[in-house]
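Here are the chains, one letter per residue:
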Amino acid sequence: MHKKVLIGVAWPYVNGELHIGHLAGYLLPADICARYHRSIGNQVLMVSGSDCFGTPITLEADKRKITPDEVVKDYHQKDTHLFREILDLSYDLYTLTNHPNHIKVTQDFFIKMLEGGYLFIDKTKQYYSPTQNRFLPDRYVVGECPFCGTEDTRSDQCDSCGKLISHGELLHPRSNLTGEDVEFKDTEHYFVDWPKLQPRIEKYVETAGRNWKDWVNNETLGWLKEGLKPRAITRDLDWGVPIPVDRIPQDLLIENANSKRIYVWFDAVIGYFSASLLWATINEGKWEDFWFGENLKHYYFMGKDNLVFHTLFWPGQLMVYNSELHLPDVVSINMFLNLDGKQFSKSRGVVLKIEDIVEKYGNDLVRFYLTLIMPETRDSSFVWSDLYEKVNGVLVANLGNFIHRTLSLYKGQKLAKTNEINEVTTSAIRNAFRKSRDFLESCQYRNYLDSVLELTAYGNLLVDKHKVWELKKTNTEEFEEVMTQLLGVVVAIGYLINPLLPEGSSRLSNYTGLRGFDKWPEDGKEIETINPLIKEIIVSDGLKPLFTKLDKTQDTF
RNA sequence: CGCGGGGUGGAGGAAUGGCACCUCGUCAGGCUCAUAAUCUGAAGGUCCCGGUUCGAAUCCGGGCCCCGCAACCA
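Residues numbered from 1 in each chain as written. Chains lettered and ligands numbered in written order. Predicted model: local features only at pLDDT ≥ 70, side-chain atom pairs only at ≥ 80, totals over all residues. Heavy atoms only, no water.

Trainee: Help me understand the side chain of D193 in this model?
Mentor: Mapped onto the elements of the fold, D193 is located in the loop between β9 (183-192) and α5 (194-208). No salt bridge is formed by the buried D193; its nearest oppositely charged neighbour, K196, is found at 5.3 Å. If sequence neighbours within four positions are ignored, D193 has contacts with Y118 and F120. (Helix = DSSP H or I, 4+ residues; strand = E, 2+ residues; numbered from the N terminus. Buried < 20%, exposed > 50% of the residue type's maximum accessible area, 1.4 Å probe, protein only. Lys, Arg positive; Asp, Glu negative; His and termini not counted. Salt bridge = Lys/Arg side-chain N within 4 Å of Asp/Glu carboxyl O. Contact = heavy atoms within 4.5 Å.)

Trainee: Even after reading the chapter, I still don't get the pattern of salt bridges, so can you show me in this structure?
Mentor: Here the structure, examined in full by the defined rule, presents 28 salt bridges. In this structure, K125 engages D186 in a salt bridge whose closest nitrogen and oxygen atoms are separated by 3.6 Å. In this pair, K125 is assigned in strand β4 (residues 119-129) and D186 in strand β9, connecting sequence segments 61 residues apart. Looking at D186, the relative accessible area reads 35%, which means it is partly exposed. Residue D464 pairs with R405 through a salt bridge whose shortest N-O separation is 3.3 Å. Taken together, the residues D464 in helix α14 (residues 445-465) and R405 in helix α12 (residues 384-410) connect sequence positions 59 residues apart. Under the relative-accessibility criterion, D464 is labelled partly exposed at 43%. Overlapping salt bridges bring together E17, E60, K63, R64, D74, K78 and K353 as one network.

Trainee: Would you mind showing me how to read the sheet that holds strand β8 (residues 171-175) here?
Mentor: Each strand in a sheet pairs with its neighbour through backbone hydrogen bonds, running either in the same direction (parallel) or in the opposite one (antiparallel). Across the sheet, which stays open at both edges, the three strands sit in the order β7-β6-β8 with antiparallel pairing between neighbours. At either end of the open sheet lies a strand with only one pairing partner, and these are β7 (153-154) and β8. Pairing between strand β6 (residues 141-144) and β8: three bridges, direction antiparallel. Paired with V142 across the strands is R174, a residue of β8. (Pairing = 2+ DSSP bridges.)

Trainee: What is the right way to read the domain arrangement of chain A from this model?
Mentor: Interfaces are often described in size by the accessible area the parts lose on coming together. One can read the domain layout of chain A as domain 1 (4-136 + 182-334) and domain 2 (384-553). For domain 1 versus domain 2, the distance between C-alpha centres works out to 42 Å. Tallying the contact residues gives 14 residues for domain 1 and 13 residues for domain 2. Contact between domain 1 and domain 2 buries roughly 1,200 Å² in total, counting both sides, with carbon and sulfur atoms accounting for 61%. Counting across the domain 1 and domain 2 interface gives one salt bridge. Across the pair K297 and E441 runs a salt bridge, and its minimum N-O distance is 3.3 Å. In this structure, the connection of domain 1 to domain 2 is made through six residue pairs in polar contact (both at pLDDT 80 or more). (Domains from an automatic or database assignment. Buried area = accessible area lost by both parts, 1.4 Å probe. Polar contact = N/O pair within 3.5 Å; in protein donor to acceptor, adjacent residues only side chain to side chain.)

Trainee: Which parts of the structure should I look at to understand the protein's contact with RNA strand B?
Mentor: Of all residues adjacent to RNA strand B, which total 51 residues, the nearest are E219, K304, D305, F336 and N401. A share of 70% is what sugar and phosphate atoms reach among the atoms of RNA strand B within 4 Å of the protein. A distance of 3.1 Å separates a base nitrogen of RNA strand B from a polar side-chain atom of H19. N401 places a polar side-chain atom, nitrogen or oxygen, 2.4 Å from a sugar or linking oxygen of RNA strand B. (Near = heavy atom within 4 Å.)

Trainee: Is there a simple way to explain the packing of aromatic side chains in this structure?
Mentor: Here a ring pair, both rings aromatic, is described through the centre-centre distance and the interplanar angle of the planes. This model, assessed by the stated rule, comprises 34 aromatic pairs. Centroid distance F83 to Y94: 5.0 Å. Interplanar angle 90°. Geometry classified as edge-to-face. A residue pair is termed long-range when its members are at least 10 positions apart, and F83 in helix α3 (residues 68-86) and Y94 in strand β3 (residues 93-96) qualify at eleven residues. Here F83 matches Y94 in class, with each residue buried. Ring geometry for F273 against Y321: centres 5.4 Å apart, planes inclined by 65°, an arrangement best described as edge-to-face. Note that F273 is positioned in helix α7 (residues 264-283) and Y321 in helix α9 (residues 307-321), a separation of 48 residues in sequence. Here F273 and Y321 have matching classes, each one buried. By way of ring pairs, the aromatic residues W11, F109, Y272, F273, W287, W291, F292, Y300, W314 and Y321 are connected into one cluster. We note K112 situated over the ring of Y321; from NZ or CZ to the ring centre the distance is 4.7 Å. (Phe/Tyr/Trp six-rings, centres within 6.5 Å; stacked < 30°, edge-to-face > 60°. Lys NZ or Arg CZ within 6 Å of the ring centre and 35° of its normal.)

Trainee: Looking at this model, I keep getting lost on the packing of α7 against α9. Mind explaining?
Mentor: Relative placement of two packed helices is described by the angle separating their axes and the distance separating the axes. The interhelical angle for the contact between α7 and α9, taken along N-to-C directions, is 70°, at an axis separation of 10 Å. In terms of orientation, α7 lies roughly perpendicular with respect to α9. Along the contact surface, α7 presents W265, F266, V269, I270, Y272 and F273, while α9 presents F309, H310, F313, W314, Q317 and Y321. (Axes fitted to C-alpha atoms, helices over the stretch in contact; angles between N-to-C directions. Parallel < 35°, antiparallel > 145°, perpendicular 65-115°, else oblique.)

Trainee: Can you walk me through helix α4 (residues 100-115) in this structure?
Mentor: The α-helix advances 3.6 residues per turn, and as a result positions three or four apart in sequence lie on the same side. Here α4 is 16 residues long and its end C-alpha atoms lie 22 Å apart, about the 22 Å a rise of 1.5 Å per residue gives. Three or more residues of α4 are buried, namely N101, H102, V105, T106, Q107, D108, F109, F110, I111, M113 and L114. One or two steps after α4, the chain reaches G117, where phi turns positive at roughly 80°. (Expected span 1.5 Å × (residues − 1).)

Trainee: Can you help me understand unusual backbone geometry in this one?
Mentor: One non-glycine residue, D88, lies in the positive phi region at around 55°. Checked against the element boundaries, D88 lands in the loop between α3 and β3. A residue is classified by how much of its surface remains accessible, and D88, at 45% relative accessible area, is partly exposed. A positive phi angle, near 50°, is found at E284, a position not held by glycine. With respect to the helices and strands, the residue E284 is situated in the loop between α7 and α8 (288-291).

Trainee: Hey, could you run me through the nonpolar core in this one?
Mentor: Soluble, globular proteins show a tendency: their nonpolar side chains are buried together. Among the nonpolar cores identified, the biggest contains 183 residues, and I7, F110, F273, W291, W314, F382 and L455 are the most heavily contacted of them. The element contributing the most residues to this core is α12, with 13 residues. Once residues within four sequence positions are removed from consideration, I7 is found in contact with A30, C33, A34, V44, L45, M46, V47, Y299 and F301. Core analysis: the next-biggest nonpolar cluster, separate from the first, contains eight residues, Y127, L136, V141 and L170 among them. (Core = buried A, V, L, I, M, F, W, Y, C linked by side-chain atoms within 4.5 Å.)

Trainee: Looking at this model, I keep getting lost on the pairing of β3. Mind explaining?
Mentor: On any regular strand, side chains alternate: one points to one face of the sheet, the next to the other face. Neither face of β3 is exposed, since L93 and T95 on one face and Y94 and L96 on the opposite face are all buried. As judged from the four bridges shared by strand β2 (residues 43-50) and β3, these two strands associate in the parallel manner. Residue pairing across strands places V47 opposite L93, the latter belonging to β3.

Shown next as structure tokens:
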């Protein structure tokens with residue numbers, strides 16, 4: 001019974017370059033998930049794109065003296081190249097939020113919320129420049145700190161004394177664009193009435209939360225217990241999804257609606273849905289298959305800062321838009337990856353670009369190490385010396401070497417047709433598949449990797465225990481018997497590493513002359529599938545170690 | 001006292017109040033098919049202070065530190 005699996009990957013914000021924290025936190029987990037589900041025969045739709053709107057983009061544009069649109073194009077092109085050409089991430093569609101399709105769908109969501117009575121109009125105070133005749137985002141305003149009197153401090157926190165400055169407390173606010181004084185003035189905005197939606201969201205969390213990690217569930221329940229508060233959905237900006245003014249009745253229209261935009265927190269998550277529609281248009285696929293009915297599973301991947309937008313707000317938006325739509329099942333949220341214990345930060349020079357490390361070490365090595373240290377339950381650290389230790393000590397010495405020593409011993413031989421995998425090996429292989437399936441299904445990738453490594457350890461032990469290199473010379477019958485077990489493990493590993501290490505898996509299929517490991521055996525039929533395959537193995541003359549050691553002395557980082 | 005998450009050998013991770021476990025590294029020994037690979041064994045640990053308990057990594061109180069919500073950054 002195959003499933004339809006939607007994989008929503010967080011939309012990278014296009015105001016800067018991506019680093020390996022993004023890769024370890026959500027890009028890689030999502031890709032492993034997609035590859036796994038395809039390998040067990042499920043139909044997968046994996047979508048994401050560039051998150052284009054919001055103040056940080058306009059700031060970046062001002063800094064570089066180009067338009068926001070140019071900033072978006074620049075980074076979108078870079079990210080797309082990185083994902084497609086370098087990382088080979090298996091997106092079915094990677095689009096962007098300033099695509100006309102997304103803008104229209106976002107406006108549809110907005111209208112549905114308005115019609116459903118889940119939006120209301122209220123006033124907030126914002127900085128306003130009379131000379132420019134426009135409202136300014138907080139980030140464009142500087143002034144005097146009300147606590148220590150420092151001049152030219154930011155509007156939200158004092159650079160000098162570090163205290164947080166509440167909205168409106170800043171003294172003598174000025175525009176940092178023109179230097180002129182600004183006013184603090186009322187402005188009308190739409191607010192989402194979350195308290196009104198809370199009961200429905202609570203009901204959803206009650207069941208869906210069981211699929212989440214404990215800390216994700218707890219944090220979400222904490223927000224609900226506190227009580228959801230109305231949240232402004234629009235901003236005084238000119239960069240964002242326009243308010244669909246001509247579709248709003250006059251009495252529900254806010255003042256100066258044309259100079260306001262729907263804010264980024266509301267529109268970005270809608271991308272999962274709008275991208276599904278766009279994918280269907282481009283590929284003549286049926287998006288409805290992935291969003292309505294039974295036998296669906298929806299995964300979402302993101303960093304911890306994005307939590308409530310996916311466990312509370314996005315489900316809320318979906319249920320208002322159409323109560324039949326499938327809501328998120330697994331919301332897989334990772335903590336942050338640090339670099340040598342420090343947070344990534346451009347200004348502090350804590351930077352590690354994805355393409356730099358991937359070009360140097362290759363995808364599989366990076367995928368392996370990042371999975372090993374994946375910040376699944378708490379922040380973790382990328383440490384250079386640890387990369388060498390883990391790659392050389394685990395991936396190369398344990399997994400790669402097991403494959404290589406086995407195939408080296410077997411090279412030039414052929415098994416008799418009667419050889420079969422024995423009981424002990426059967427249970428080792430079945431166990432590895434069962435655990436891998438469970439862990440992959442629930443996005444526990446470190447545990448999945450562990451269960452694969454357990455199987456290679458079993459293989460290594462077998463070689464040693466039976467002194468296979470001696471048997472090869474002294475006892476052909478027993479040699480074949482043990483070799484049958486070893487080759488069974490090799491084939492199993494070929495399948496098992498496929499979602500995680502696609503390049504290694506594909507090299508292994510070349511070395512063994514087998515057709516490829518991208519379609520896993522049916523659940524429970526692993527041994528029946530593998531038994532005939534091992535007799536087809538002909539070790540290629542071009543056999544080389546599956547993974548090679550890193551030479552620390554050659555490194556320049 | 002704004003809300004929330006977290007602190008376990010050198011590194012990364014487990015542990016319904018019940019013998020602190022796993023992987024890597026280190027050290028000692030074995031093996032030589034394999035990439036100085038592999039196999040066996042050993043040393044080394046619950047952030048601090050107090051409390052509850054026959055028994056605490058776990059529960060309670062107090063502290064210290066890191067992180068998210070919330071600047072450049074996920």
